[in-house]
Amino acid sequence: MDSLEVTKAPAGSREPLISALASGFVPGLVPGLARLGSGLARRLDALPPPLGRALHRLRTRGERRRLHAIALAHIARRLPEIQASLDAAPPGFVYLAGDSHAELLGPDPFGGRPCVNGGIGGLSSRGYATYLAELSFPRRAGLALLFVGTNDIFAGSRPQSQARIDGFGQAVGQILDRLQASADRVVLCAVPPLEPGEQVRRDPGSVAAYSECLRSIAAGRGCGFADPFAEMREGHGGFAKPGFLHEGVHLRDYASLAAALAPTVAG
């Protein structure tokens, strides 16, 4: 799911109606909306420029409002689910933190080792830092695995500017403050590669840059660093080898990601 820099949901957003809307969330929804809108975009291009631009702005704002509502609904569903899992988890569990790459690993990716999936698809590092602060850890985790970066490298946000990289580092630091206080061991995972077609929306050059940022942060904070996506990378350009991804960013097979993480989890 695309990152929309989601603001905190008001208290009323956690009503049953919103939860029902959230139950319809699927990772392919945003690309699906984009495909549905492509025909309209072509028609807008055929209009006189002033009218076409005005209608395009209206369409874009409408789509963003819809996607923002979907994102808030998904967060509203995920937070109580995550907290319930934390409340029930035994000491020493694995905590999966971060974006959709964490969430799509599922509730039991490591062969029966207790695990709490705290992933929330669509969030940037800043968004995850915000919502992680709402969760409590009644018992200490043995390991926390953090997946962030995919939703911080949108091309239009100038992700390789020093200001954006510094902001990313600050947000990751806030996340680590919480995770290191709640887990015996924390491992930061590299940013996964992209499909070539995704470069229209995300900056492939930032994949390596943000991964190195995470590696540096891990070293400075006494955390581990892992690249479970290494086998699917096509060189160093930020792209994946053919066949590993779909929808631009998501893996076709998250069981393979869990297998790649097994040595880190066994630690």
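About the criteria used
Sequence order as written defines residue numbering, which begins from 1 separately in each chain. Since the coordinates come from a predicted model, pLDDT governs what is reported: local features require at least 70, and pairs of side-chain atoms require 80 or more to be given and counted, while whole-chain, interface and lining totals use all residues. Excluding hydrogens and water, the side-chain figures rest on all heavy atoms present in the structure. To qualify as a nonpolar core, a set must consist of buried Ala, Val, Leu, Ile, Met, Phe, Trp, Tyr and Cys residues joined through side-chain atoms within 4.5 Å. When accessible area is computed with a 1.4 Å probe and restricted to protein chains, residues below 20% of their type maximum are described as buried, those above 50% as exposed, and intermediate ones as partly exposed. The helix count covers DSSP runs of H or I at least four residues long, the strand count covers runs of E at least two residues long, and both are numbered beginning at the N terminus. Note on contacts: a residue pair is in contact if any heavy atoms of the two residues lie within 4.5 Å. In what follows, salt bridge is the name for a side-chain nitrogen of Lys or Arg lying within 4 Å of a carboxyl oxygen of Asp or Glu. Predictor confidence is given residue by residue as pLDDT, running from a minimum of 0 to a maximum of 100. Put simply, two rings from Phe, Tyr or Trp (the six-membered ring, in Trp's case) pair if the centres are within 6.5 Å, and we call them stacked under 30 degrees between planes, edge-to-face over 60, tilted for the rest.

As for the nonpolar core
Among the nonpolar cores identified, the biggest contains 41 residues, and Tyr 95, Leu 146, Val 172, Leu 179 and Leu 188 are the most heavily contacted of them. For this core, the secondary-structure elements that each account for two or more residues are helix H3 (49-88), strand E1 (94-98), helix H5 (125-132), strand E3 (141-147), helix H6 (162-182), strand E4 (183-189) and helix H7 (205-221). Sort the elements by how many residues they give to this core and H7 lands first, with six residues. Each residue touching Val 172, except ones within four places of it in the same chain, is listed here: Ser 125, Leu 146, Val 148, Leu 188, Leu 214 and Ile 217. One finds Phe 110, Phe 229, Met 232 and Leu 257 within the second-largest nonpolar core, a separate group that totals 22 residues.

Here's the deal with the pattern of salt bridges
A complete count under the given rule lists nine salt bridges for this structure. A salt bridge links Arg 201 to Glu 198; the shortest N-O distance between them is 2.9 Å. Here Arg 201 falls in the partly exposed class, since its relative accessible area comes to 29%. For Glu 198, the salt bridge goes to Arg 202, with nearest N and O atoms at 2.4 Å. Across this residue pair, the class does not change: Glu 198 and Arg 202 are buried. Salt bridges linked by common partners bring Arg 77, Arg 78, Glu 81 and Glu 103 together as one network.

Overview of the confidence of the model for the chain
Of all residues in the chain, 78% have pLDDT values of 70 or greater, and the mean over the chain is 84. Here residues 7-45 is a poorly scored stretch, pLDDT under 50, and it has 45 contacts once near neighbours within four places are set aside; other chains count.

What about the packing of aromatic side chains?
In the structure shown here, the tally under the stated rule is three aromatic pairs. For the ring pair Phe 168 and Tyr 210, a centre distance of 4.7 Å and an interplane angle of 50 degrees mean the geometry is tilted. Taken together, the positions of Phe 168 in helix H6 and Tyr 210 in helix H7 put the pair 42 residues apart, joining distant regions of the chain. Overall, Phe 168 belongs to the buried group, its relative accessible area being 2%.

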